Amino acid sequence: MKIEILTSAYEDLKKGRIFYEAQTENLGDYFFDSLFSDIDSLILYAGIHQEIFGYYRLLAHRFPYAIYYKIENDNIVVWRVLDCRQKPEETKKQLVDKFS
């Protein structure tokens, strides 16, 4: 299996990196590295996570973020990487409305 990260997910990661870098120097880089480590773990664990709004959801280990992905044609496709501190309706809107 290969992992494909869509532009929407990469943009989510960039926003998170900017946010955390504004909090403390180098925290943005740590955020980025941590989330990519979680995404890399999908090579071993893809498909075991809970399904939410039609996507598998991997909760990040070090930050309050969720990685939403699908398995398509033997590939792991990362659709979004969203902050869990937002309202569930906003998460649903970002997943369902944009990609329906």
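Basis of the calculations
- Residues numbered from 1 in each chain as written.
- Predicted model: local features only at pLDDT ≥ 70, side-chain atom pairs only at ≥ 80, totals over all residues.
- Heavy atoms only, no water.
- Phe/Tyr/Trp six-rings, centres within 6.5 Å; stacked < 30°, edge-to-face > 60°.
- Helix = DSSP H or I, 4+ residues; strand = E, 2+ residues; numbered from the N terminus.
- Buried < 20%, exposed > 50% of the residue type's maximum accessible area, 1.4 Å probe, protein only.
- Lys NZ or Arg CZ within 6 Å of the ring centre and 35° of its normal.
- Axes fitted to C-alpha atoms, helices over the stretch in contact; angles between N-to-C directions.
- Left-handed = near helix turned anticlockwise from the far one by under 90°.
- Contact = heavy atoms within 4.5 Å.
- Expected span 1.5 Å × (residues − 1).
- Arc of directions from axis to C-beta.

Structural notes on the packing of aromatic side chains
Following the criterion strictly, the structure yields 11 aromatic pairs and no others. Residues Tyr56 and Tyr69 carry aromatic rings whose centres are separated by 5.3 Å and whose planes lie at 25° to one another, so their mutual orientation is stacked. With Tyr56 in strand 3 (residues 55-59) and Tyr69 in strand 4 (residues 65-72), this residue pair connects regions lying 13 residues apart in the sequence. Each member of the pair, Tyr56 as well as Tyr69, is classed as buried. Among the aromatic residues, those joined into a cluster by ring pairs are Phe19, Tyr20, Tyr30, Phe31, Phe63 and Tyr65. Sitting over the ring of Tyr55, Lys70 keeps its end group 4.5 Å from the ring centre.

Quick look at the packing of helix 1 (residues 7-23) against helix 2 (residues 27-40)
The relative placement of two packed helices comes down to the angle between their axes together with the axis-to-axis distance. One way to put it is that helix 1 packs onto helix 2 with a least axis distance of 6 Å and a crossing angle of 145°. Seen along the crossing, helix 1 lies across helix 2 with a hand that is right-handed. Here Tyr10, Leu13, Lys14, Gly16, Arg17, Tyr20, Glu21 and Gln23 of helix 1 lie close against helix 2, whose contacting residues are Leu27, Gly28, Asp29, Phe31, Phe32, Leu35, Phe36 and Ile39.

Focus: helix 2
Helix length check: helix 2, at 14 residues, gives a terminal C-alpha distance of 20 Å against a target of 20 Å (1.5 Å per residue), a fit within 8%. Of all the residues in helix 2, the buried ones are Gly28, Phe31, Phe32, Ser34, Leu35, Asp38 and Ile39. All buried residues of helix 2 project into a common sector of 170° when viewed along the axis, lining one side. What points out from helix 2, more than 90 degrees from its buried face, is the exposed set Asp33 and Asp40.

Considerations on helix 1
Counted at 1.5 Å a residue, the expected span for helix 1 with its 17 residues is 24 Å, and the 25 Å between its end C-alpha atoms agrees. Turning to helix 1, its buried residues are Ser8, Ala9, Asp12, Leu13, Gly16 and Tyr20. Buried residues along helix 1 cover an arc of 140° about the axis, so they all sit on one side. More than 90 degrees from the buried face of helix 1, the exposed residues found are Thr7, Lys15, Ile18 and Ala22.

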